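Breakdown of the fold
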Amino acid sequence: MIECPSRAACGTPPQPIARMSLLHPARLPDSDHAGVARRGRRLTAIHPLSFAAGLVALLIAVPILVVAASLLTPSTETWHHLADTVLGEYIANTLWLLAGVTVGVLLLGVPTAWLVCTYRFPGRGLMEWALVLPLAMPAYVIAYAYTDALQFAGPVQTWLRALTGWGARDYWFPDVRTLGGAIALFSLVLYPYVYLTARAAFLQQTLNTLEAARLLGHGPWRSVLRVMLPLARPGIAAGTALALMETLADFGTVAYFAIPTFSTGIYRAWFSLGDKSAAAQLSACMLAFVIAILVAERISRGRARVHGGQRRLPAYRLTRWRGAAALGACALPVLLGFLVPALMLFEMAFTDGDAQFGPRFFGLVRNSFVLASVTALAAVLIALAIGYAGRLGRGWPMRALLRLCGMGYALPGSVIAVGVLVPVARLDNAIAGWVEQLTGVSPGLLLTGGIAALVYAYLVRFLGVALQTVNAGLAKITPSMDTAARSLGHGPAATLRRVHLPMLRGSLLTAALIVFVDVMKELPATFVMRPFNFDTLAVQAYNLAADERLAEAATASLVIVLVGLIPVIVLSRQIRRSAQD
């Protein structure tokens, strides 16, 4: 028992103060016990918003669980045939593709990020945001453009024969429709992922780090190799992982180049061989590649953390030939990854273009915009609900919930399509059978016969993008804003409506814009799950290119690129602002 040292100072008789411990807690008055019980009930009660967010997360997880569960199903004769004939080729081509793209994006992304962060040269401000432009160019679109330009009847070889007088058998010219050509094209359009993350990592490093390296006896180049690059490794690894997952998700490029990979194998098993189980098992194998990439990125990142400081790295001025060389090194990937193919698409679209340009083409534009708009709106609303539920409850269940909802973006569209079609088709057949038993009339396919299943697949694929953007906006709102709103008598719903929504307009618009453009560019899920007679611009471009009508495919491809420029321009403005800060 502890007494007050001075009764006069306390003004009251000495009161006993119990010693508190975890093993022997002090007994509280009945009124206090009632308050604790009420607070405990409030803490353990599940908020309706959190409950709804949990249901959405389960719906998002269903396709992933379906694909994973396919490994437990008995193997079919088709699967044994694929395993004996082409599975080894799928694995080998996928590994070579991932290895080549890794080297390509690192060679293009890291040096350009280092140049714009640490040197000043003519055109640096332009290159700083122009290096992001290839993100607007889908890989299958650039494949169509370069194939038309570099094929035997294309302008490059025609000009070469006219200049030299050579015949068809007098010279050798590289074929772009090979595994090496696919690696080069993937590298040209995916290196911005590495550039953005590496640039952010270099900007976080301070002059103190460089000075410490110099004090240890490292010269300029050794300081970069031994100190700067290792510190930037987590960011570089994250950007590389994004590029590799986009490579795995591609269907249009590898299908057009006739490269056997898991993406083309899934489509062949589903549509050509008619075996859903074999397609699901191939999807599970492809899922293993995705998990391996994520684990490798996590291991590479480890516990590394880089914190910025006030003394940023100085920007050294490059003049004369050094400045010109730096400008050329930064301009080359922009030229090859965006400007040259964009000019080729313009030329083909306005010279020949789509022969069906007119009502049908505008119908394709309408279909694409309807799908993208509906998905973007649904994704933003769901991401807002889940993100705010995560703000209300910060325990491990909510962290697991947020991670589960963001997992879909790491999965290829073909895998998600298989995971969605299997359960949705069963549900559709069950509903149709039940309605037919009650009414005697078969309603047909209600879900898979329309765009509902396709929008569901899009949400599984792109909800993670919207969720990440919304969470970034919520993180900028201090918890004191919630406390102030509660003190004024506002509940969670009123706080969200009157406090958070006005402050989240920019984040919500950005999330909707990113999802809108991603849906416009998405080919594998659209190609597998679209309803009959419901094509989009991406499907139209692929079908025309597959028929070797590249000039006609240029019109739809050009519209996709122009729409894809919108978020790239927004991102470029943010880069310019950060450079000015």
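Here the structure is a predicted model, which is why all the values come from computation and not from measurement.

**Considering the environment of Ala372**
Among the structural elements, Ala372 can be located in helix 16 (residues 359-392). Along the primary structure Ala372 and Leu513 are separated by 141 residues, whereas in three dimensions their C-alpha atoms are 9.4 Å apart. Apart from residues no more than four positions distant in its own chain, Ala372 is found in contact with Phe516, Val519 and Met520.

**Quick look at the confidence of the model for the protein chain**
Per-residue confidence for the protein chain averages 78 on the pLDDT scale, and 80% of its residues sit at or above 70. Predicted confidence for residues 1-44 stays below pLDDT 50, and this span has 16 contacts to residues more than four positions away or in other chains.

**Looking at the pattern of salt bridges**
Inspection of every chain in the model, using the stated rule, returns six salt bridges. The closest approach of N and O atoms between Arg530 and Asp535, which form a salt bridge, is 2.8 Å. On the accessibility criterion, Asp535 (15% relative accessible area) is buried. The closest approach of N and O atoms between Arg549 and Glu552, which form a salt bridge, is 2.8 Å. Among the charged side chains, a salt-bridge network with shared partners connects Arg360, Arg530 and Asp535.

**Here we look at empty space enclosed by the protein**
Enumeration according to the criterion identifies three cavities of 30 Å³ or more in this entry. Around the largest cavity, the lining residues are Thr94, Leu97, Leu98, Thr247, Leu248, Asp250, Val254, Thr261, Phe262, Ser263 and Met286. For the lining of the largest cavity, the secondary-structure elements that each account for two or more residues are helix 5 (87-118), helix 11 (220-249) and helix 13 (262-272). A per-element tally of the lining of the largest cavity places helix 5 first, with three residues. Tallied by class, residues from the lining of the largest cavity come to six nonpolar, four polar and one charged.

**Focus: the environment of Leu294**
With respect to the helices and strands, the residue Leu294 is situated in helix 14 (residues 276-301). Note on Leu294: relative accessible area 34%, which makes it partly exposed. Note: C-alpha distance between Leu294 and Leu242 (52 residues apart in sequence) is 9.2 Å. When neighbours within four sequence positions are excluded, Leu294 is seen to be in contact with Met245 and Ala410.

Quick notes on the rules
Note that residues are indexed from 1 along each chain, following the sequence as it is written. Side-chain atom pairs in this predicted model are given and counted only at pLDDT of 80 or more, local residue features only at pLDDT of at least 70, and totals for whole chains, interfaces and linings cover all residues. With hydrogens and water set aside, each side-chain value is computed from the structure's full complement of heavy atoms. Going along the chain from the N terminus, every DSSP run of H or I of four or more residues is numbered as a helix, and every run of E of two or more is numbered as a strand. Note on contacts: a residue pair is in contact if any heavy atoms of the two residues lie within 4.5 Å. Per residue, pLDDT measures the predictor's confidence, with a range of 0 to 100. The working definition used for a salt bridge is a side-chain nitrogen of Lys or Arg within 4 Å of a carboxyl oxygen of Asp or Glu. A simple rule labels every residue: compare its accessible area, found with a 1.4 Å probe on the protein chains alone, to the largest value its type can have, and call it buried under 20%, exposed over 50%, or partly exposed in between. Cavity: a set of points on a 1 Å grid over the protein atoms alone where a 1.4 Å probe fits but cannot get out. Pocket: an open set with protein on both sides within 12 Å along at least five of seven lines, its lining residues, like those of a cavity, having an atom within 4 Å of a point. Grid points are joined across faces, edges and corners, and a volume is the space filled by probe spheres set on the points. All amino acids are sorted into three groups, where Ala, Val, Leu, Ile, Met, Phe, Trp, Tyr, Cys and Pro are nonpolar, Asp, Glu, Lys and Arg are charged, and the leftover types, Gly among them, are polar.

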